[in-house]
Amino acid sequence: MGVFEMVGTVVRSVFRKPATLMYPVKTAKITPLSRGHVVIDVSRCISCRICQKKCPSQAIWVEPKEKTWQINRLRCNVCNSCVETCPVKCLTMDTHYIPSVTVRPGAELFHITYVKPPKPEITAESKD
Ligand code: SF4
Ligand code: SF4
């Protein structure tokens, strides 16, 4: 970049509005491409652990026996991989921004409430 080009950029920047927002004082702009934070529907999660295996940041931890699903939001890089690979689509991205934090939060723990439906009974009538 030449000196004149650089000076031009500086002068234009003085008169333009800032390219960034004073978040969280000002509300963030939401577009169709925006990603926010991962939300789980605990009533549909089947504890398959695929989201945990696909997460590149090790932000998710699933305990099938305890029926818990945890996420460490400070590790999450919002890549959307867990949302895309969940076989039952119980993960979504909420584009509503949550307030910034002033203390280091631990992992958020959710209790899975999904109950596997019983297998239908095979009766003599159903065999026919
Ligand atoms: S969005 Fe990406 S980084 Fe965040 S929890 Fe899901 S897979 Fe992990
Ligand atoms: S959130 Fe989806 S991918 Fe993760 S354990 Fe539950 S069902 Fe499996």
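Model, not experiment: these values are computed from the prediction. Within each chain, residue numbers correspond to sequence positions counted from 1 in written order. All chains are assigned letters beginning at A, and all ligands numbers beginning at 1, according to the order in which they are written. With pLDDT at 70 or above as the cut-off, local features in this predicted model cover only qualifying residues; side-chain atom pairs require 80 or more to be listed or tallied, and sums for whole chains, interfaces and linings still use all residues. Values reported for side chains reflect all heavy atoms of the structure, with hydrogen atoms and water molecules removed beforehand.

(A) Looking closely at the pattern of salt bridges. A carboxyl oxygen of Asp or Glu within 4 Å of a side-chain nitrogen of Lys or Arg is what we treat as a salt bridge. Counting across every chain of the model gives 2 salt bridges. We note a salt bridge from D41 to R44, for which the minimum N-O separation is 3.9 Å. When a residue's accessible area, from a 1.4 Å probe over protein chains only, is under 20% of the maximum for its type it is buried; when over 50% it is exposed; and in between it is partly exposed. On the basis of relative accessible area, D41 is assigned to the partly exposed category, the value being 29%. On the basis of relative accessibility, which here comes to 37%, the residue R44 falls in the partly exposed class. A salt bridge links R73 to E108, with the shortest nitrogen-to-oxygen separation between them at 2.7 Å. Within this pair, whereas R73 is found in the loop between strand 3 (68-71) and helix 3 (81-85), its partner E108 is found in strand 5 (residues 108-111), the two being separated by 35 residues in sequence. The helix count covers DSSP runs of H or I at least four residues long, the strand count covers runs of E at least two residues long, and both are numbered beginning at the N terminus.

(B) Molecular detail of the site of ligand 2. Consider each residue's heavy atoms; a residue with any of them within 4 Å of a molecule or strand counts as near. Neighbouring ligand 2 are C45, I46, S47, C48, R49, C51, W69, C86, P87, V88, C90 and L91. Charged means Asp, Glu, Lys or Arg here, nonpolar means Ala, Val, Leu, Ile, Met, Phe, Trp, Tyr, Cys or Pro, and polar covers whatever is left, Gly included. By residue class, the composition of the shell around ligand 2 is 10 nonpolar, 1 polar and 1 charged.

(C) Region of interest: the nonpolar core. Judged by nonpolar contacts, the single largest core of 15 residues is most densely connected at V38, C51, I60, W69, C82 and L91. Those elements that provide at least two residues to this core are strand 1 (37-40), strand 2 (60-63), strand 3, helix 3 and strand 4 (91-94). Note on contacts: a residue pair qualifies if any of its non-hydrogen atoms lie within 4.5 Å across the two residues. Leaving out residues up to four positions away in the same chain, V38 has contacts with W69, I71, R73, C76, C82, L91, T92 and M93. Each nonpolar core is a collection of buried residues, namely Ala, Val, Leu, Ile, Met, Phe, Trp, Tyr and Cys, held together in the definition by side-chain atoms within 4.5 Å.

(D) A look at the packing of aromatic side chains. A pair of Phe, Tyr and Trp rings is counted when the ring centres sit within 6.5 Å of each other, with Trp represented by its six-membered ring. The angle between the planes then sorts it: under 30 degrees is stacked, over 60 is edge-to-face, the rest tilted. Tallying each qualifying case throughout the model produces 1 aromatic pair. Directly above the ring of W61 sits R49, whose terminal nitrogen or CZ lies 5.7 Å from the centroid. In our convention, an over-ring charge means Lys NZ or Arg CZ found within 6 Å of a ring centre and within 35 degrees of that ring's normal.

(E) Local environment of the side chain of S81. Here S81 is to be found in helix 3. Judged by its relative accessible area of 17%, S81 is buried. Within the structure, S81 has its side chain in polar contact with the backbone oxygen of K54 (distance 3.3 Å). Side-chain atoms alone can form a polar contact between residues adjacent in sequence; in general such a contact is a pair of N or O atoms within 3.5 Å, and within protein one must be able to donate a hydrogen while the other accepts it.

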